[in-house]
Amino acid sequence: MSEAVVPTVTEAADAVASTGPFESVDQVIETLREQGYIADTRLATTVFLLTRLDKPLLLEGPAGVGKTELAKMLAVATGRRLLRLQCYEGQDETKALYEWDYGKQLMYTQILREKIGQLVEDAPDLASAVDRIGSQESVFFSERFLAPRPLLEAIRSEQPVVLLIDEVDRADEALEAVLLETLGEFQISVPEIGTFVAEQRPYVLLTSNNTRDLAAALKRRCLHLFLDYPSASRELEIVRSKKTGLSDQLAEELVNVVRGLRELELRKSPSISETIDWARTLAVLGVDELNSQILSDTVSVVVKYDKDVKKALDALPRLVDPNAVVTEHGHGHGHGHGHGHDGDHDHDEPAARTPSTPAARVDDEHDDGDVDGRAKRAAKDQAGRHGGIYGGLPGGVAPPPSAIRKVSPGQGTRSFGGSRKRPV
């Protein structure tokens, strides 16, 4: 009895080695680096598998860590055209797959009016005329009048492309269901025509900022990678590669400051792209030394919420110089900094900003990291939120409370004393 031939790992790797644009993970790193994208081994390995396994790649992680940029650079590195589907709430399949060009169909109908007249001129009755026109429906529901959107365009493309489905978590769940056929089988079914199957499978990258959980069916069809903020050395390498104009020494100091800001409980932490913007800002200003003053003046480049700015301003002196003596300024109403207040204040607002007071707790709740407002929307989803919609006034206005009408002793006697006779 002959033994089964089991290919070794090396042989299996060699079997697929000629099917992708990269020969190795190291080549992925080097090729992306040439395009200005600094990838670590973990990310490069995932990209290598994407090109060999023909599986879509789902990238999850905070905004601004390079998810979208990876798709762009992969397109450049492989010489493929980039097709992008930007997802948003309320998006339907006509914006993602295809739609019929009704204007073009109507124009052709007007042009071919004479031919259509000739087609039905000898029809004995209306039903026969309708049947003849109906038999020609395939003329108007053909590829000639099909307006492809990014997904169908990627499947039909004769040249291989990179398909970016950006921020898929912002789309409705119905669109996720539409994606399943495309991601799983690289095909799209058009009921009037048939099924389009990709001859050149696209490299598909999906990005998500985790504003909601994605369906398990979608995740199952994809390779998955959570892309977080990079290490200090990699982020510094990224900043240097962008040639911001800032010296290497100042760039290193700036990266450390940004990483310190990310450790604060901010609603929106600075992204890599914002770090690059900050470096360019400081270079334009001709800064040759980082100090808390210049960083405070420009901190809005990386911090975009008012309360985050106040927290950053408090932290910057310490981030620039850990031994700096920070002067207690004012009472910092609403600054969000956590230094102790003894309650010995001359405030018009009673105990308005002490952390232990209900007012301060309300302010703290604003810094819950709910950048997209999901938690706030869920908090409103409570019983009674519809006011007077049910049993109330039109327009959802709750009815005003009824005034209690006073009853005199005489009225009470007449009503309940049995002296009042029922009407016959």
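Structure shown above.
Note that the coordinates shown come from a computational prediction; the quantities given were computed from them, not determined experimentally. All residue numbers refer to position in the chain's written sequence, counted from 1. In view of the model being predicted, local features appear only for residues whose pLDDT reaches at least 70, and side-chain atom pairs are presented and counted only at 80 or more, with totals across whole chains, interfaces and linings using the full set of residues. Side-chain measures were taken over the full set of non-hydrogen atoms in the model, leaving aside hydrogen atoms and water.

Draft legend 1. Inspection of the packing of aromatic side chains at higher detail. Between the rings of Phe, Tyr and Trp (Trp by its six-membered ring), a pair exists once the centres lie within 6.5 Å; its type follows the angle of the planes, with under 30 degrees stacked, over 60 edge-to-face, and the other angles tilted. Under the counting rule described, the total for this entry stands at three aromatic pairs. Between the aromatic rings of Y98 and W100, the centroid separation amounts to 6.4 Å while the plane-to-plane angle is 80°, which identifies the pairing as edge-to-face. Considered together, Y98 and W100 belong to a single accessibility category, that of buried residues. For the ring pair W100 and F141, a centre distance of 5.1 Å and an interplane angle of 85° mean the geometry is edge-to-face. Here W100, found in strand β3 (residues 98-100), pairs with F141, found in the loop between α9 (137-140) and β4 (146-148); they are 41 residues apart in sequence, far enough to count as distant. For the exposure calls, accessible area comes from a 1.4 Å probe over protein chains only, and a residue counts as buried if that area is under 20% of its type's maximum, exposed if over 50%, partly exposed in between. For W100, a relative accessible area of 8% gives the class buried. For the purposes of this entry, the term helix denotes a DSSP run of H or I that reaches at least four residues, the term strand denotes a run of E that reaches at least two, and both are numbered from the N terminus.

Draft legend 2. Broad picture of the sheet that holds strand β2 (residues 81-86). Any two strands are treated as partners once DSSP identifies two or more bridges connecting them. With parallel pairing, five strands are arranged side by side in an open sheet as β2-β5-β8-β1-β9. Each edge of the open sheet carries a strand with a single partner, namely β2 and β9 (223-226). Taken over all neighbouring pairs, the strand axes of this sheet differ in orientation by 20° on average, direction set aside. Against the sheet, helix α3 (residues 41-53) contacts β1 (57-60), β8 (203-208) and β9, and its axis sits at roughly 165° relative to β9. Fitted lines through C-alpha atoms serve as axes, helices being fitted only where they are in contact, and the angles separating the N-to-C directions of these axes extend from 0 to 180 degrees. Whether two residues are in contact is decided by their heavy atoms: any pair within 4.5 Å suffices.

Draft legend 3. Up close: the environment of E137. Within the secondary structure, E137 is located in helix α9. Relative accessible area serves as the criterion here: at 49%, E137 is assigned to the partly exposed category. Along the primary structure E137 and E192 are separated by 55 residues, whereas in three dimensions their C-alpha atoms are 9.5 Å apart.

Draft legend 4. Spatial organisation of unusual backbone geometry. Notably, E167 is not glycine yet its phi reads approximately 55°, a positive angle. You can see E167 is positioned in the loop between β5 (161-166) and α11 (173-185). Phi at K243 is positive, roughly 50°, even though this residue is not glycine. The exposure class assigned to K243 is exposed, which follows from its relative accessible area of 73%.

Draft legend 5. Geometry of the side chain of E60. Position of E60 relative to the elements: it lies in strand β1. Under this definition, polar contacts are N or O atom pairs within 3.5 Å; protein pairs additionally need one hydrogen-donor-capable and one acceptor-capable atom, and for neighbouring residues in sequence, both atoms have to be side-chain atoms. Of note is the side chain of E60, whose polar atom sits 2.6 Å from the side chain of H224.

Draft legend 6. How the structure looks around the pattern of salt bridges. Any Lys or Arg side-chain nitrogen found within 4 Å of a carboxyl oxygen on Asp or Glu counts as a salt bridge. Throughout the structure, instances matching the rule amount to 14 salt bridges. Note that R33 is salt-bridged to E237, the shortest N-O span being 2.3 Å. Here the residue R33 occupies a position in helix α2 (residues 25-34), and E237 occupies one in helix α13 (residues 232-241), the gap between them amounting to 204 residues. Judged by relative accessible area, which is 32%, E237 ranks as partly exposed. The salt bridge partner of E167 is R170, with a shortest N-O separation of 3.2 Å. Residues joined by salt bridges that share partners form a network here, namely K268, E274 and K304.

Draft legend 7. Representation of the packing of α2 against α3 in the model. Taken N-terminus to C-terminus, the directions of α2 and α3 make an angle of 105°; their axes are 8 Å apart at the nearest point. Taken together, the axes of α2 and α3 lie roughly perpendicular to each other. Within the contact between the two elements, α2 uses V25, V28 and I29 and α3 uses T41, A44, T45, V47 and F48. Three classes are used, and their members are as follows: Ala, Val, Leu, Ile, Met, Phe, Trp, Tyr, Cys and Pro are nonpolar, Asp, Glu, Lys and Arg are charged, and the others, Gly among them, are polar. When its residues are assigned to classes, the contact of α2 with α3 shows six nonpolar, two polar and no charged. When an angle is under 35 degrees it counts as roughly parallel; over 145 it counts as roughly antiparallel; between 65 and 115 it counts as roughly perpendicular; any other value is oblique.

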